[in-house]
2 protein chains.
Amino acid sequence: MPESRKPVSSRRSERSRRAIYDAALALVGEVGYARTTIEGIAARAGVGKQTIYRWWPSKAAVLLEAFLDVAEQAAQGEYELPDTGDLEKDLKLVLRATVDELNSPVYDAPARALAAESVVDPALAAQFVEKLLEPQLRLYVHRLRAAQDAGQASPGIDPRIALELLVGPLAHRWLLRTLPLTHDYADKVVEYALHGLAPRP
Amino acid sequence: MPESRKPVSSRRSERSRRAIYDAALALVGEVGYARTTIEGIAARAGVGKQTIYRWWPSKAAVLLEAFLDVAEQAAQGEYELPDTGDLEKDLKLVLRATVDELNSPVYDAPARALAAESVVDPALAAQFVEKLLEPQLRLYVHRLRAAQDAGQASPGIDPRIALELLVGPLAHRWLLRTLPLTHDYADKVVEYALHGLAPRP
């Protein structure tokens, strides 16, 4: 339904929801996960805290949903990895886009706050993994299965493990801040993962 | 002669140093990085806080050194990766040992606390990387260079990037708590990284 034809209360809810997401992401990026509170989010969003408690059971739930919303906007409605028939080209495109996302300031602060908290909080980690991370990783599983069917990936590999050779190195650089995340790095990770570190016979 | 060089006080110093390390690691594992304080470490170690301030400039410095000490003990004086001439076998041994270390309760809590703080604190991350992480990663660089010389790794690969296909997946599972870290997983990561995800010609 076009925005203008939704009932007035629905439009107002949508505006509040958006304000709450924005406030939650801004706050967690600025003061960290531990010091972000429902009260703080409500004050910054200009809503009553009961509005937040009506829609979400916990701070973690608000933040995860806000973050899911960012991820969905970044995906721009694309819920599959590209499949041009050329696995290497497609994976380079995807990993370069991931590099850009990890380097983007909008994403960086809230993503780090959530990831850092997940490292030490198993309950939050379980939600983070179930709602945000595994759905993204499943896109890789699907693309790698298609590549197996097309003869571009070895039939014997387990795609759920194989994808970690692609996303693991990027996450390692980003989370532990070892070296810069660049497009050239993304390309090399794809090349090394597909063709292996051992000499080809 | 500084007090710490005198024999009797040297023994006392060594005992204090060890007590401070133990207290720092226990505390950071129990209450997290943010709530660990020099005062708390001193109280738990049974030393005056001036003793700590005399030896270390900051909480981060104590914790990193305590953690380095654990890592050195775990390495048991071995500062090179094994080189039997069989790269695949050697890497499986190393990654299985890493899995065991990441799964060990002694290591897990303080390592997570430090890693989580590094994710959101660039200054701590820089020290963590320089003093702890990069020295460990350099062992992989040396082993991969030896493998290149022995014809067991492709001459064209950059070992500093290649190693991330080995350690990145393990760090990803451990930090983000996606799936269990097992020896079988370590073996598959080594196999996939060495032989590649694409079919061999």
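Residues numbered from 1 in each chain as written. Chains lettered and ligands numbered in written order. Predicted model: local features only at pLDDT ≥ 70, side-chain atom pairs only at ≥ 80, totals over all residues. Heavy atoms only, no water.

Chain A carries the name DNA-binding transcriptional regulator, AcrR family in an unreviewed UniProt entry, which gives Streptomyces wuyuanensis as its organism.

*Asks:* Would you mind going over the overall build of chain A in detail, with residue names and values included?
*Replies:* Within chain A one finds 10 helices and 0 strands. Beginning at the N terminus, the succession of helices and strands in chain A can be written as α-α-α-α-α-α-α-α-α-α. For the C-alpha atoms alone, the extent of chain A along its principal axes is close to 65 × 40 × 25 Å. The buried share of chain A, taken over its 201 residues, is 48%. (Helix = DSSP H or I, 4+ residues; strand = E, 2+ residues; numbered from the N terminus. Buried < 20%, exposed > 50% of the residue type's maximum accessible area, 1.4 Å probe, protein only.)

*Asks:* Residues and numbers for the environment of leucine 93 of chain B, please.
*Replies:* All names here are of chain B. Of note, leucine 93 is situated in helix α5 (residues 87-103). By relative accessible area, which is 56% here, leucine 93 ends up exposed. As a C-alpha pair, leucine 93 and histidine 183 span 90 residues in sequence and 9.2 Å in three-dimensional space.

*Asks:* Before we move on, could you go through the UniProt feature "DNA-binding region" (unreviewed entry) in chain A and cite the residues and values that matter?
*Replies:* Taking the UniProt record as the reference, the feature "DNA-binding region" (unreviewed entry) is found at residues 37-56 of chain A. Its end C-alpha atoms 13 Å apart, residues 37-56 of chain A is made of 75% helix and 0% strand. (UniProt positions renumbered as here; feature names shortened; annotations may be inferred.)

*Asks:* Help me get a handle on the relation of the copies chain A and chain B, residues and values and all.
*Replies:* Superposition of the two copies of the chain requires a rotation about an axis and a shift along the axis. When chain A is fitted to chain B, the residual RMSD is 0.1 Å, and the transformation amounts to a turn of 180° plus an axial shift of 0.0 Å. Put plainly, the chains are arranged around a two-fold axis. The rotation axis passes nearest to the C-alpha of glycine 196 of chain A in chain A, at a distance of 1.8 Å. The fraction of interface residues of chain A whose copies in chain B are also interface residues reaches 100%, indicating that both copies meet through the same surface. (Least-squares fit on C-alpha atoms with pLDDT ≥ 70 in both. Contact = heavy atoms within 4.5 Å.)

*Asks:* Requested: an account of the domain arrangement of chain A, with residues and values cited.
*Replies:* All names here are of chain A. Taken domain by domain, chain A comprises domain 1 (1-59) and domain 2 (78-201). Tallying the contact residues gives 4 residues for domain 1 and 6 residues for domain 2. Summed over both sides, the interface between domain 1 and domain 2 buries roughly 460 Å², with carbon and sulfur atoms accounting for 78% of that surface. Between domain 1 and domain 2 we count 0 salt bridges in total. Where domain 1 touches domain 2, the interface holds 0 residue pairs in polar contact (both at pLDDT 80 or more). Here the side of domain 1 that touches domain 2 is built from residues that sort into 3 nonpolar, 1 polar and no charged. (Domains from an automatic or database assignment. Buried area = accessible area lost by both parts, 1.4 Å probe. Salt bridge = Lys/Arg side-chain N within 4 Å of Asp/Glu carboxyl O. Polar contact = N/O pair within 3.5 Å; in protein donor to acceptor, adjacent residues only side chain to side chain. Nonpolar A, V, L, I, M, F, W, Y, C, P; charged D, E, K, R; others polar.)

*Asks:* Explain the pattern of salt bridges to me, using residue names and the numbers behind them.
*Replies:* Applying the stated rule across the entire model yields 30 salt bridges over all chains. In this structure, arginine 17 of chain B engages glutamate 65 of chain B in a salt bridge whose closest nitrogen and oxygen atoms are separated by 3.4 Å. Note that arginine 17 of chain B is positioned in helix α1 (residues 7-31) and glutamate 65 of chain B in helix α4 (residues 59-75), a separation of 48 residues in sequence. Overlapping salt bridges bring together Glu134, Arg160 and Glu164 of chain A together with Arg173 of chain B as one network.

*Asks:* Give a detailed account of α5 of chain B, specifying residues and quantitative values.
*Replies:* Residues and elements named next belong to chain B. Between its first and last C-alpha atoms α5 spans 24 Å; for 17 residues at 1.5 Å apiece the expected length is 24 Å, and the two agree. For α5, the set of buried residues is Leu87, Asp90, Leu91, Lys92, Val94, Leu95, Val99 and Leu102. Buried residues along α5 sit against α6 (105-120), α7 (122-149), α9 (164-176) and α10 (183-195). For α5, the N-terminal cap is aspartate 86; the gap from its side-chain oxygen to the backbone nitrogen of glutamate 88 is 3.3 Å. (Expected span 1.5 Å × (residues − 1).)

*Asks:* Lay out the packing of α9 of chain B against α10 of chain B in plain terms, naming residues and giving numbers.
*Replies:* All names here are of chain B. At their nearest, the axes of α9 and α10 sit 9 Å apart, and the two run at 145° to each other. In terms of crossing hand, the pair formed by α9 and α10 is right-handed. Where α9 abuts α10, its residues Leu165, Leu166, Pro169, Leu170 and Arg173 lie against Tyr185, Val189, Val190 and Ala193. Among the residues making up the contact of α9 with α10, the classes are represented as 8 nonpolar, no polar and 1 charged. (Axes fitted to C-alpha atoms, helices over the stretch in contact; angles between N-to-C directions. Left-handed = near helix turned anticlockwise from the far one by under 90°.)

*Asks:* Explain the interface of chain A and chain B to me, using residue names and the numbers behind them.
*Replies:* Counting residues at the interface gives 51 residues for chain A, matched by 51 residues for chain B. Between chain A and chain B, the buried area comes to about 4500 Å², and carbon and sulfur atoms account for 69% of it. Where chain A touches chain B, the interface holds 2 salt bridges. Between arginine 173 of chain A and glutamate 164 of chain B there is a salt bridge whose closest N-O contact spans 2.7 Å. Here chain A is connected to chain B by 26 residue pairs in polar contact (both at pLDDT 80 or more). Contributions of two or more residues to the side of chain A that touches chain B are made by α6 (105-120), α7 (122-149), α8 (159-162), α9 (164-176) and α10 (183-195) of chain A. With 10 residues, the top contributor of residues to the side of chain A that touches chain B is α9 of chain A. Here the side of chain A that touches chain B is built from residues that sort into 31 nonpolar, 10 polar and 10 charged.

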